[in-house]
Protein chains: 2
Amino acid sequence: MSQTDTVSRILDAAEVLFAERGFTETSLRTITSTAGVNLAAVNYHFGSKKELIQAVFERFLTPFTDALARELDRRAAAGGALTVEDLLESLYRVGMGSLAEQGRDPQRFMRLLGLAYTQYQGHLRRFIVSRYGNSYRRFAGLLAQALPGLDPVTFYWRLYFMLGATIFTMSSYDAIEAILREDFGAQSTLPETLERLVPAAAAMLKVNAE
Amino acid sequence: MSQTDTVSRILDAAEVLFAERGFTETSLRTITSTAGVNLAAVNYHFGSKKELIQAVFERFLTPFTDALARELDRRAAAGGALTVEDLLESLYRVGMGSLAEQGRDPQRFMRLLGLAYTQYQGHLRRFIVSRYGNSYRRFAGLLAQALPGLDPVTFYWRLYFMLGATIFTMSSYDAIEAILREDFGAQSTLPETLERLVPAAAAMLKVNAE
DNA sequence: GCCAGTGCTAAACAACTGTTTTAAATGGTG
DNA sequence: CACCATTTAAAACAGTTGTTTAGCACTGGC
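Just so it is clear, the structure is predicted and the values come from calculations on it, not from any experiment.

Draft legend 1. Looking closely at the interface of chain A and chain B. Residue-level contacts link 45 residues of chain A with 44 residues of chain B. Across the chain A to chain B interface the summed buried area is about 4,100 Å²; carbon plus sulfur atoms make up 73%. Counting the surface chain A buries against chain B, the share from its top three residues, Trp157(A), Phe161(A) and Phe168(A), is 18%. On inspection of chain A and its partner chain B, the count reaches 0 salt bridges. Breaking the side of chain A that touches chain B down by element, the ones donating at least two residues are α1 (3-21), α6 (106-118), α8 (152-171), α9 (173-184) and α10 (190-206) of chain A. With 14 residues, the single largest contributor to the side of chain A that touches chain B is α8(A). The class makeup of the residues in the side of chain A that touches chain B is 27 nonpolar, 9 polar and 9 charged.

Draft legend 2. Highlighting the relation of the copies chain A and chain B. Once chain A has been moved 0.0 Å along the axis and rotated by 180 degrees, it coincides with chain B to within an RMSD of 0.0 Å. Here the copies are linked by what is in effect a two-fold axis. An overlap of 98% is found between the interface residues of chain A and their copies at the interface of chain B, pointing to a shared contact surface.

Draft legend 3. Looking closely at the protein's contact with DNA strand D. Around DNA strand D, the structure places 17 residues, and the nearest of them are Thr6(A), His45(A), Leu28(B), Arg29(B) and Lys49(B). The protein-proximal atoms of DNA strand D, defined as those within 4 Å of the protein, are 47% sugar or phosphate. Measuring from a phosphate oxygen of DNA strand D, one finds a side-chain N or O atom of His45(A) at 2.8 Å. One nitrogen or oxygen atom from the side chain of Asn43(B) is found 3.3 Å from a phosphate oxygen belonging to DNA strand D. Secondary-structure elements contributing two or more residues to the surface near DNA strand D are α1 and α3 (40-46) of chain A together with α2 (28-35) and α3 (40-46) of chain B. Residue classes in the surface near DNA strand D are distributed as 6 nonpolar, 8 polar and 3 charged.

Draft legend 4. Molecular detail of the nonpolar core. Among the nonpolar cores identified, the biggest contains 150 residues, and Leu52(A), Phe57(A), Leu52(B) and Phe57(B) are the most heavily contacted of them. Not counting the four nearest positions on each side in its chain, Leu52(B) is found in contact with Ile10(B), Leu11(B), Ala14(B), Phe18(B), Leu28(B), Ile31(B), Val42(B) and Phe46(B).

Draft legend 5. Quick peek at the side chain of Thr32(B). Take Thr32(B): it is sitting in helix α2. In this structure Thr32(B) touches Val37(B), Asn38(B), Leu39(B) and Val42(B), once residues within four positions along its chain are discounted.

Draft legend 6. Fine view of helix α10 (residues 190-206) of chain B. Residue and element names in this part refer to chain B. Across its 17 residues, α10 extends 24 Å between first and last C-alpha, which sits within 8% of the 24 Å expected from 1.5 Å per residue. Listed in full, the buried residues belonging to α10 are Leu190, Thr193, Leu194, Leu197, Val198, Ala200, Ala201, Ala202, Ala203, Met204 and Leu205. Backbone geometry just downstream of α10 places Asn208 in the positive-phi region, at approximately 60 degrees.

Draft legend 7. Region of the structure containing the confidence of the model for chain A. This prediction gives chain A a mean pLDDT of 90; 98% of its residues lie at or above 70. When mean pLDDT is compared element by element in chain A, α10(A) scores highest at 96, while α6(A) scores lowest at 85.

Draft legend 8. View of helix α5 (residues 84-100) of chain B. All names here are of chain B. Spanning 17 residues, α5 covers 24 Å between terminal C-alpha atoms, matching the ideal 24 Å at 1.5 Å per step. Taken as a whole, α5 carries its principal kink of about 25 degrees at Val94. The set of residues buried in α5 consists of Val84, Leu87, Leu88, Ser90, Leu91, Tyr92, Val94, Gly95, Ser98 and Leu99. Structurally, α5 contributes buried residues whose contacts are with α4 (49-77), α6 (106-118), α7 (122-145), α8 (152-171) and α10.

About the criteria used
Residues numbered from 1 in each chain as written. Chains lettered and ligands numbered in written order. Predicted model: local features only at pLDDT ≥ 70, side-chain atom pairs only at ≥ 80, totals over all residues. Heavy atoms only, no water. Contact = heavy atoms within 4.5 Å. Buried area = accessible area lost by both parts, 1.4 Å probe. Salt bridge = Lys/Arg side-chain N within 4 Å of Asp/Glu carboxyl O. Helix = DSSP H or I, 4+ residues; strand = E, 2+ residues; numbered from the N terminus. Nonpolar A, V, L, I, M, F, W, Y, C, P; charged D, E, K, R; others polar. Least-squares fit on C-alpha atoms with pLDDT ≥ 70 in both. Near = heavy atom within 4 Å. Polar contact = N/O pair within 3.5 Å; in protein donor to acceptor, adjacent residues only side chain to side chain. Core = buried A, V, L, I, M, F, W, Y, C linked by side-chain atoms within 4.5 Å. Buried < 20%, exposed > 50% of the residue type's maximum accessible area, 1.4 Å probe, protein only. Expected span 1.5 Å × (residues − 1). pLDDT = per-residue confidence, 0-100. Bend = angle between axes of the 7 residues up to and from the residue.

So, in structure tokens, the structure goes:
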């Protein structure tokens with residue numbers, strides 16, 4: 001078993017288990033046994049559990065922010081000002097696409113993102129902010145440009161309202177969809193739900209703008 | 001030290017610590033030592049840690065849903081159909097008021113609510129749904145009435161978008177507000193932020209309605 | 001004045017946590 | 001083939017976890 005194999009097996013198992021139960025609730029023994037590797041391999045390859053958590057985030061956030069940057073470049077080069085809807089669509093399409101093409105589950109990453117915000121893991125928040133702050137600021141800046149005439153503080157809060165609606169809904173997508181199916185007999189796919197989210201979030205951002 | 005005293009000291013400490021760090025990250029020893037009571041008192045009075053968690057939620061959710069029911073009764077009796085804004089304002093005012101008048105922190109309960117959704121605690125979700133499902137359904141029903149012409153599935157998802165925006169923003173309120181103060185030099189109070197949230201969330205719910 | 005019963009405490013329990021240690025095996029290089 | 005760094009393995013480590021036990025202090029009722 002080569003090194004890269006062991007490392008990625010650990011990352012695969014950790015990603016699934018963290019998203020399912022959270023960080024503290026997932027022991028290294030559970031991770032290594034489902035990965036089929038030795039317990040000590042985590043500390044050998046990653047140093048500590050904290051660094052493993054960061055590595056899990058790095059492995060999906062870096063491709064995501066890279067793909068988002070390319071998508072924004074592409075849209076900007078196509079000319080014409082970007083609308084709020086354009087930006088949200090880009091964000092969601094990249095979120096769905098850049099990870100799905102690796103055969104990985106988009107909802108899982110939304111759950112991880114949600115955990116990063118809500119769990120008590122100071123190191124994770126610091127890690128994400130320092131590593132991906134620039135991508136965040138670029139997107140937020142473009143969104144602010146698409147919303148002229150909105151005072152900065154109002155924009156700031158609405159940005160978080162939008163993030164909340166997105167992360168919260170996507171990270172509990174399975175549970176919410178299950179209730180929908182049970183109570184209404186209807187069902188939704190993830191892309192359908194994102195298509196509903198774009199106009200709703202855009203309307204929220206745009207109240208009294210322009 | 002009377003019984004009620006020990007019980008409520010444990011609940012007070014657990015409420016603060018759970019909201020701060022989460023459930024798994026808070027040990028019974030931390031709770032009992034900050035409460036100034038013996039470790040075994042938790043198992044004696046509550047039976048188990050799970051039941052303590054449920055008791056913490058019960059102590060703030062019951063007054064909240066009771067106050068919400070009274071507020072909705074009052075508004076309904078005043079005559080006239082309730083608008084989306086009316087309902088959101090009622091919800092937020094009760095959330096702020098009914099707990100603040102007990103001298104307890106509203107943001108703390110938002111954090112707890114957020115945790116209930118995101119943390120891996122099946123028993124908690126079941127407990128809340130079975131105990132407070134009726135209050136939830138009454139509010140959702142009134143909101144649906146205020147949004148005629150909206151197909152049920154779209155309404156359903158937007159309800160969760162709204163809950164996400166609310167719970168996510170409120171549960172991370174301190175952190176978000178701190179960044180605002182640092183980057184913009186501006187500051188917001190919680191009531192101000194809720195005043196921003198009402199029209200934003202209402203706009204999101206109302207897209208293409210009526 | 002005793003007794004039942006409630007509230008509370010200190011100590012111990014077994015199970016589990018992340019991490020480290022020691023030794024064995026592996027695989028490419030000279 | 002021999003060598004050495006890399007990688008894995010099993011075991012032990014020290015610390016923490018929720019829970020239970022056995023006994024103490026105190027109350028109100030008879």
